[in-house]
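Observations on the three-dimensional arrangement
Residue strings, one per chain:
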Amino acid sequence: MTRLAAVIGSPVAHSLSPVIHRAAFDAAGVDWTYAALEVAPGNASAALDAMRTLGIGGLSVTMPHKDAVAAAVDRLDPAARALHSVNTVSWEGDQLVGWSTDGAGFVASLAEAGVDVDGAKVAVIGAGGAARSVIDALARAGAVDVTVLNRTPEKAESAAALTPVATPGIISDIGRADIVVNATSVGMGTDGSLPCDPDLLHDGQVVADLVYHPLETRWLSAAAERGARTVDGLGMLVHQAALQQRIWLGDDAVVDTAVMRAAALAALTSRG
Ligand code: NAP
């Protein structure tokens, strides 16, 4: 019998998750399909009830439900527990388990680009939900120093409190970092602004962006012009989804991230 996985969110119409997951299911030849389900704010717990009733095999969770799902599942993985945020739900026996794969997906995208986080000094610009998952995962992957810079300093302090290796940063930390991450929404879509002065960036650094639309943001172009290696945001999107598939289908599942990335790129191109 075909198994169903789904993304829940509000709004969910523009989610790339269906495109990415269906491409991977098709490539692997598994009997799974994937739907996008609009779930109104406040109905996350009802969506989990529906998952139980309908036997849905797995859920991806987007805004605004990540916190509410974390409160409603039976058990949390360590990252989801630290973040109080869930982007993935799976079954373990008759229990629902909540996971957070965004940060690990980011670290996997760096690894794919040949960048080892173990022992690295990282500057993260931004302190929202995506930044928090990245900070948590960087610490789990062995980063020795994570500085957090944000427009609203109180949120930088809160994000830095996630792990002992993180501290609220100052602007000069950007020049001292091995890896610099834009985890703000600055540069998304037609916004051509930059998260900080790009003259702080230099040769020998790795500069990453979580924004993936456009794929080559002004931030990444400016970093490349100054000799830094760049890592785009689509890798994180693809790898967090690949981790979801391994959670749902099992560790030995065949998950083709190249197929997933190509499907996401085609969808982004067709959307303009
Ligand atoms: P969020 O929770 O709303 O946080 C937004 C962050 O951006 C906050 O730190 C905010 O600062 C900062 N910000 C927004 N506008 C700014 C401005 N004009 N100047 C300076 N800082 C500004 O959003 P999120 O969920 O963390 O997402 C952040 C970005 O990551 C988005 O572009 C999202 O699309 C992307 N993302 C990518 C992936 C992926 O897989 N590649 C996954 C998740 C998210 P304040 O705290 O001061 O408001």
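Keep in mind the model is a prediction, meaning the values are calculated, not measured.

Turning to helix α5 (residues 102–112), its buried residues are D102, G103, G105, F106, V107, S109 and L110. Summarising the contacts, the buried residues of α5 are in contact with α3 (66–72), α6 (129–140), β10 (179–182), β11 (206–209), β12 (229–231) and α10 (234–249). Of the residues trailing α5, G114 is marked for its positive phi of about 80°.

Next up on the list: α10. End to end, α10 covers 22 Å across 16 residues, agreeing with the expected 22 Å (1.5 Å per residue, within 8%). Burial analysis of α10 places 12 of its 16 residues in the buried class, which makes it a mostly covered element. Backbone geometry just downstream of α10 places G250 in the positive-phi region, at approximately 115°.

Around the ligand sit 20 residues, and of these A130, N150, R151, T152 and G233 come closest. Within the backbone of G129, a nitrogen or oxygen atom sits 3.1 Å from an oxygen atom of the ligand. Its free accessible area being 920 Å², the ligand has 70% of it covered by the protein chains. The set of elements that each furnish at least two residues to the shell around the ligand consists of α6 and α10. Of the residues belonging to the shell around the ligand, the class tally is 10 nonpolar, eight polar and two charged.

All right, on to the packing of α5 against α10 then. Close contact between α5 and α10 brings their axes to 7 Å; oriented N to C, the two are set at 115°. When you trace α5 past α10, the crossing you get is right-handed. Contacts between α5 and α10 involve D102, A104, G105, F106, A108, S109 and E112 from the first element and G235, M236, H239, Q240 and L243 from the second. For the contact of α5 with α10, the class distribution of residues is five nonpolar, five polar and two charged.

Taken domain by domain, the protein consists of domain 1 (3–100 + 235–271) and domain 2 (104–232). For domain 1 and domain 2, the distance between their C-alpha centroids amounts to 25 Å. With 16 residues of domain 1 at the contact, the number on the domain 2 side is 17 residues. The junction of domain 1 with domain 2 conceals about 1300 Å² of combined surface from both sides, 66% of it contributed by carbon and sulfur atoms.

Sheet strands associate in pairs through backbone hydrogen bonding, adopting either a parallel or an antiparallel arrangement. Strand order in the open sheet formed by six strands is β9-β8-β7-β10-β11-β12, with parallel pairing between adjacent strands. This sheet does not close on itself; its edge strands, each paired only once, are β9 (166–168) and β12. Each adjacent strand pair in this sheet contributes to an overall mean axis angle of 20°, direction not counted. Judged from the five bridges that link them, strand β7 (residues 121–125) and strand β8 (residues 145–149) form a sheet pairing that is parallel. When the sheet's bridge partners are listed, V124 is paired in β8 with V148. Helix-sheet contacts for helix α9 (residues 218–225) involve β7, β10, β11 and β12, and the interaxial angle to β11 is about 170°.

This part covers the side chain of D232. Looking at the secondary structure, you find D232 in the loop between β12 and α10. Polar side-chain contacts of D232 include one of 2.9 Å to the backbone nitrogen of L234. At a separation of 3.4 Å, a polar atom in the side chain of D232 contacts the main-chain amide nitrogen of G235. With residues up to four places along the chain from it excluded, the contact list for D232 reads D209, L215, L220 and R261.

Another aspect to go through is the packing of aromatic side chains. Under the defined criterion, the tally for this structure stands at three aromatic pairs. Ring centres 6.5 Å apart and planes at 10° place the aromatic pair W32 and W248 in the stacked group. Placement of W32 in strand β2 (residues 32–38) and of W248 in helix α10 is noted, with a sequence separation of 216 residues between them. A relative accessible area of 14% means that W32 is categorised as buried.

Calculation criteria
- Residues numbered from 1 in each chain as written.
- Predicted model: local features only at pLDDT ≥ 70, side-chain atom pairs only at ≥ 80, totals over all residues.
- Heavy atoms only, no water.
- Buried < 20%, exposed > 50% of the residue type's maximum accessible area, 1.4 Å probe, protein only.
- Helix = DSSP H or I, 4+ residues; strand = E, 2+ residues; numbered from the N terminus.
- Contact = heavy atoms within 4.5 Å.
- Expected span 1.5 Å × (residues − 1).
- Near = heavy atom within 4 Å.
- Polar contact = N/O pair within 3.5 Å; in protein donor to acceptor, adjacent residues only side chain to side chain.
- Areas by Shrake-Rupley, 256 points an atom, 1.4 Å probe, with all protein chains shown as cover.
- Nonpolar A, V, L, I, M, F, W, Y, C, P; charged D, E, K, R; others polar.
- Axes fitted to C-alpha atoms, helices over the stretch in contact; angles between N-to-C directions.
- Left-handed = near helix turned anticlockwise from the far one by under 90°.
- Domains from an automatic or database assignment.
- Buried area = accessible area lost by both parts, 1.4 Å probe.
- Pairing = 2+ DSSP bridges.
- Phe/Tyr/Trp six-rings, centres within 6.5 Å; stacked < 30°, edge-to-face > 60°.

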